[in-house]
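A structural walkthrough
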Protein chains: 2
Amino acid sequence: MATERPSRLRVFSLNCWGIRFFSQLCAERYEMIGELLGREQHDIVLLQEVWSERDFLFLKRKLSSCHPHTHYFKSGVIGSGLAVFSRHRIQDALLYQYSLNGYPYMLRHGDWFGGKAVGLVIVDVSGLKAHVYVTHLHAEYCRAQDQYLSHRTVQSWELLQFVRHTSCGADLVVLGGDLNMHPQDLGNRLLRSHTGLRDCYTETDTFDGCEDGHTLIADNHFTKNHDLVPFEKGIRIDYILMKGSQRMTVKCESLSTTKGPVADKPFPYSDHEALTAELTLLHSEDSRQHGSSGPLAVSEQMDVVTEARAVVKEGLCQTEALRDRAMRLVLGALLLLLLLLVMTFLPCSCFCSYSTLGLLGAVCMSLLLSGALLYLLFTTHIKVLKETEDQMMLTSNELQTKLTGCRLSGSSSFDGSPEL
Amino acid sequence: MATERPSRLRVFSLNCWGIRFFSQLCAERYEMIGELLGREQHDIVLLQEVWSERDFLFLKRKLSSCHPHTHYFKSGVIGSGLAVFSRHRIQDALLYQYSLNGYPYMLRHGDWFGGKAVGLVIVDVSGLKAHVYVTHLHAEYCRAQDQYLSHRTVQSWELLQFVRHTSCGADLVVLGGDLNMHPQDLGNRLLRSHTGLRDCYTETDTFDGCEDGHTLIADNHFTKNHDLVPFEKGIRIDYILMKGSQRMTVKCESLSTTKGPVADKPFPYSDHEALTAELTLLHSEDSRQHGSSGPLAVSEQMDVVTEARAVVKEGLCQTEALRDRAMRLVLGALLLLLLLLVMTFLPCSCFCSYSTLGLLGAVCMSLLLSGALLYLLFTTHIKVLKETEDQMMLTSNELQTKLTGCRLSGSSSFDGSPEL
């Protein structure tokens, strides 16, 4: 068996910044990306922000000989933007669309219209079952006052739950994508501590790329400087994470990033830098190395869930306040409508023509409709936040039980991770 | 180990018909349901249509001593309606909201407002890991011309994908709920053939209940006769399904249903009949009995996926037609707005006051807004239908590969089920 299985797996991840008619030099950059992928022939390519299906089909045609297996995940109004190209056979695909993803009225941010999600493809890598996840989380537009923090935290929670519960039969797990979170941000810690996924950047033997592994850098032609403030040198928000299994050990041999400008080309591939990880796969001898964690790890899991619960609770309060405002808008519009009705039937209403009353009525109806739609929107958000908090509480209780059991027994090698 | 693990598991499922201010005698029926559950002390209780959290909390209080572990799944505008009560510890919970669930403008059907979903709880049954699913699919309002058939087929597909991919580490799998499908309906065949779940009604040793296992019967006080046409005797749309694992064999010892009227009570528990299954759990000796299926089973899987793909394609055509209509509404409203603008600035517009023009403008804006919202809605539906079709195609190809491999090798005992 060992002879027919590959010892290496090369994984590539890039946020392509492919918003047609908005992203600069989109067609030219896809041409460059296609060339790069055709030349490098990675085993698995994970792309984000491929918003147009036409661009996906362009790449699919271009890579048909080296990457014959593809899946383009479709969700939301304009799609999830997620695409996978693989040299190995894709056996199955599954999509989980995040329950919270911004607000439809925030048109200039626009995340809501992309059905942000996590996609899973099960890839047969010469007999090994690789569960490969690709994802893209809600963007962070203002770090100081991040109105989407609770949304991103819920997305991180849903991502980790999805990975934990769908990766059980995998020989190895790879997750790549634009998490829109710094390495030590809450959602990132939550994801790593509860799935056992390890960051290729911190685990790699050799690294060749931007300083501190940054994937948004000032040196990129397309980067707007104000996007980086106060991190002038750059930030790391794109990742390749990995995990082995009881049967396989996975190790990151090398990790590299693009570094902004591309040799012999007038501009970079995207406004993000691309990641390439070279993973080594070894048949595992210690069947418990991926399934166990000590009390310290459980304690860390507890702490990070507690922190996340606080963020979700705060988000809940804010969303309840928004729902109350929407309710006041509905009530105000109803009151105005009532007033108009009274004016219509009062004899003193002659100063106001029926047409004017009709116009005012139409305005009131618009307000009423907007208020009602917003009320529905915030009500669904509240449901999601409450559900997430309940799930976090369950996990918290479960960890507490394990921690107590561990302390009582004095054991230091129990299986502390719920699903690792 | 065998001595400390239970040999039996009693599972209860009921659609509670708990729509406050609409469902008849709601409070009285919840009182009766609480009494029944407190008396019978099932291991696991799966409820649907518990639309009000207040009713869930009422049951939670009433059952706090016998069923101390609960989870109420929250999604959509008014909730998923799904609740679990358990005598055994719930370790974890996960929710998957179906991507298609009717239309918000179909107010008299109302399914869209309930965030129909499948909920998973992982229950520790004295050391055994039971993955327990509860779900409720979109209702069928007209069997002859079922406008929701593609939605229910997509829901069935998402349900089976969710079960397949999240049940890998389970010792046993139980799924209960209101599937809103007859036993041989496409979605039901899809679910059973691709998950390996077995129907307790067809598998039970002893059955005590309504004729043919019906769960919507004419003899129920709350049933409207026209709901049953042309199945005057009743229909079977509520189910308890089960599956063992390589470690455990599960068998349905007995299945019973309520039979409409309740002794010493003036009315039934609900407009649906409740199901109670008594399952026997045995440590498995044949580790392949739940992981293998012959070419015939694969062939059946192929056939049913092909059938489902045709339904999804048909749904796609219908939804594209609806999106085109929404687009025409938007264009019509824009044209009218343009006409109004022209009238406003033309000298001959004196026959029409500014107020009238304003009123007409407001009407046009409302049409424009409605058209745009409908366009967004149908666009997301198209994305979901296409994603489902792609996933079905992947599965179909995978099955074809296995079938070909099997025929070539002449083997009759290969693992034909993708994830069983």
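What counts as what
Residues numbered from 1 in each chain as written. Chains lettered and ligands numbered in written order. Predicted model: local features only at pLDDT ≥ 70, side-chain atom pairs only at ≥ 80, totals over all residues. Heavy atoms only, no water. Helix = DSSP H or I, 4+ residues; strand = E, 2+ residues; numbered from the N terminus. Buried < 20%, exposed > 50% of the residue type's maximum accessible area, 1.4 Å probe, protein only. Contact = heavy atoms within 4.5 Å. Areas by Shrake-Rupley, 256 points an atom, 1.4 Å probe, with all protein chains shown as cover. Disulfide = S-S within 2.5 Å. Domains from an automatic or database assignment. Buried area = accessible area lost by both parts, 1.4 Å probe. Salt bridge = Lys/Arg side-chain N within 4 Å of Asp/Glu carboxyl O. Polar contact = N/O pair within 3.5 Å; in protein donor to acceptor, adjacent residues only side chain to side chain. Core = buried A, V, L, I, M, F, W, Y, C linked by side-chain atoms within 4.5 Å. Pairing = 2+ DSSP bridges. Axes fitted to C-alpha atoms, helices over the stretch in contact; angles between N-to-C directions. UniProt positions renumbered as here; feature names shortened; annotations may be inferred. Nonpolar A, V, L, I, M, F, W, Y, C, P; charged D, E, K, R; others polar. Least-squares fit on C-alpha atoms with pLDDT ≥ 70 in both.

Attention now goes to the overall build of chain A. The secondary structure content of chain A amounts to eight helices and 15 strands. Over its C-alpha atoms, taken along the principal directions, chain A stretches across nearly 95 × 65 × 40 Å. The buried share of chain A, reckoned over its 420 residues, is 56%. The long-range fraction of contacts in chain A, counting pairs at least 24 apart against all pairs at least 6 apart in sequence, stands at 75%. Approximately 17,400 Å² of chain A is accessible, and the part contributed by carbon and sulfur atoms is 57%.

Summed over the entire model, instances satisfying the criterion amount to zero disulfides over all chains. The thiol of cysteine 252 of chain A is unpaired, and the distance to the nearest cysteine sulfur, on cysteine 200 of chain A, comes to 3.9 Å.

Residues and elements named next belong to chain A. Taken domain by domain, chain A comprises domain 1 (7–283) and domain 2 (295–406). Look at where the C-alpha atoms of domain 1 and domain 2 centre, and you get two points 32 Å apart. On the domain 2 side, the residues contacting the 20 residues of domain 1 number 21 residues. Summing both sides of the interface, domain 1 and domain 2 together bury roughly 1,700 Å²; the carbon and sulfur share of this comes to 73%. Linking domain 1 to domain 2 there are one salt bridge. Salt-bridge contacts for glutamate 307 lead to arginine 189; the nearest nitrogen and oxygen are separated by 2.9 Å. Put simply, domain 1 and domain 2 have five residue pairs in polar contact (both at pLDDT 80 or more) between them. Counting residues per element, the ones that place at least two in the side of domain 1 that touches domain 2 are α3 (149–166) and α4 (186–195). The greatest single-element share of the side of domain 1 that touches domain 2, amounting to nine residues, is contributed by α3.

Let us now look at the nonpolar core. Grouped burial of nonpolar side chains is what soluble globular proteins tend to show. Leu159 of chain A together with Leu159 of chain B are the most contacted members of the largest nonpolar core, which has 72 residues in total. For leucine 159 of chain B, the residues in contact, after removing those within four places along its chain, are Tyr98, Val118, Thr135, Leu137, Leu175, Leu179 and Leu191 of chain B.

Let's shift gears to the pattern of salt bridges. The final tally for this structure, using the stated rule, is 48 salt bridges over all chains. Between lysine 265 of chain A and glutamate 35 of chain A there is a salt bridge, and its shortest N-O distance comes to 3.2 Å. Taken together, the positions of lysine 265 of chain A in the loop between β14 (248–257) and β15 (275–283) and glutamate 35 of chain A in helix α1 (residues 26–40) put the pair 230 residues apart, joining distant regions of the chain. Residue glutamate 35 of chain A is classed as partly exposed on the basis of its relative accessible area, which comes to 34%. One salt bridge in this structure joins aspartate 390 of chain A and lysine 74 of chain B, with 2.2 Å as the shortest N-O distance. With aspartate 390 of chain A in helix α8 (residues 354–409) and lysine 74 of chain B in the loop between β3 (69–72) and β4 (83–86), the pair connects residues from two separate chains. Residue aspartate 390 of chain A is classed as partly exposed on the basis of its relative accessible area of 22%. Residue classification places lysine 74 of chain B among the buried positions, given a relative accessible area of 6%. Connected through shared salt-bridge partners, Arg8, Arg10, Glu40 and Glu278 of chain A make up one network.

What follows covers the sheet that holds strand β3 (residues 69–72) of chain A. Residues and elements named next belong to chain A. Here seven strands make up an open sheet; going across it, the order is β3-β4-β2-β1-β15-β14-β10 and the pairing mixed. This sheet does not close on itself; its edge strands, each paired only once, are β3 and β10 (206–208). Averaged over neighbouring strand pairs, the angle between their axes works out to 20° when direction is ignored. As paired elements, strand β2 (residues 44–48) and strand β4 (residues 83–86) share four bridges and run antiparallel to each other. Opposite leucine 47, over in β4, you have alanine 83 as the bridge partner. Across the sheet, helix α2 (residues 53–62) is in contact with β2, β3 and β4; its angle to β3 comes to roughly 175°.

Time to look at the sheet that holds strand β2 (residues 44–48) of chain B. All names here are of chain B. Strand order across the open sheet formed by seven strands is β3-β4-β2-β1-β15-β14-β10, with mixed pairing between neighbours. Where the open sheet ends on each side, the last strands, each with one partner, are β3 and β10 (206–208). Strand after strand, the sheet turns through a mean of 20° between neighbouring axes, direction not considered. Two elements, β10 and strand β14 (residues 248–257), share three bridges in a ladder whose sense is parallel. Considered in β14, the bridge of threonine 206 is made with serine 254.

Now for the UniProt feature "domain: Endonuclease/exonuclease/phosphatase" (unreviewed entry) in chain A. UniProt records the feature "domain: Endonuclease/exonuclease/phosphatase" (unreviewed entry) at residues 13–272 of chain A, using the numbering of this structure. The annotated region residues 13–272 of chain A carries 23% helix and 29% strand content, and the separation between its end C-alpha atoms amounts to 10 Å.

In this section: the interface of chain A and chain B. The interface of chain A with chain B comprises 50 residues on the first partner and 48 residues on the second. When residues of chain A are sorted by the area they lose upon contact with chain B, Lys74, His165 and Leu394 of chain A head the list and together hold 15% of the total. The tally of links from chain A across to chain B stands at six salt bridges. A salt bridge links glutamate 398 of chain B to arginine 89 of chain A; the shortest N-O distance between them is 2.5 Å. The interface formed by chain A and chain B contains 20 residue pairs in polar contact (both at pLDDT 80 or more). When residues of the side of chain A that touches chain B are traced back to their parent elements, those giving at least two are β3, β5 (89–97), β6 (117–125), α3 and α8 of chain A. Per-element accounting of the side of chain A that touches chain B gives the leading share, 19 residues, to α8 of chain A. Its residues assigned to classes, the side of chain A that touches chain B comprises 20 nonpolar, 18 polar and twelve charged.

For the rest of this paragraph, the subject is the relation of the copies chain A and chain B. By a simple turn and slide, chain A fits onto chain B: the slide is 0.0 Å along the axis, the RMSD is 0.1 Å, and the turn is 180°. The symmetry that links the two subunits is that of a two-fold axis. Measuring from the rotation axis to each C-alpha of chain A, the shortest distance belongs to leucine 359 of chain A, at 2.1 Å. The overlap is high: 96% of the interface residues of chain A also sit at the interface in chain B, so the same surface is used on both sides.

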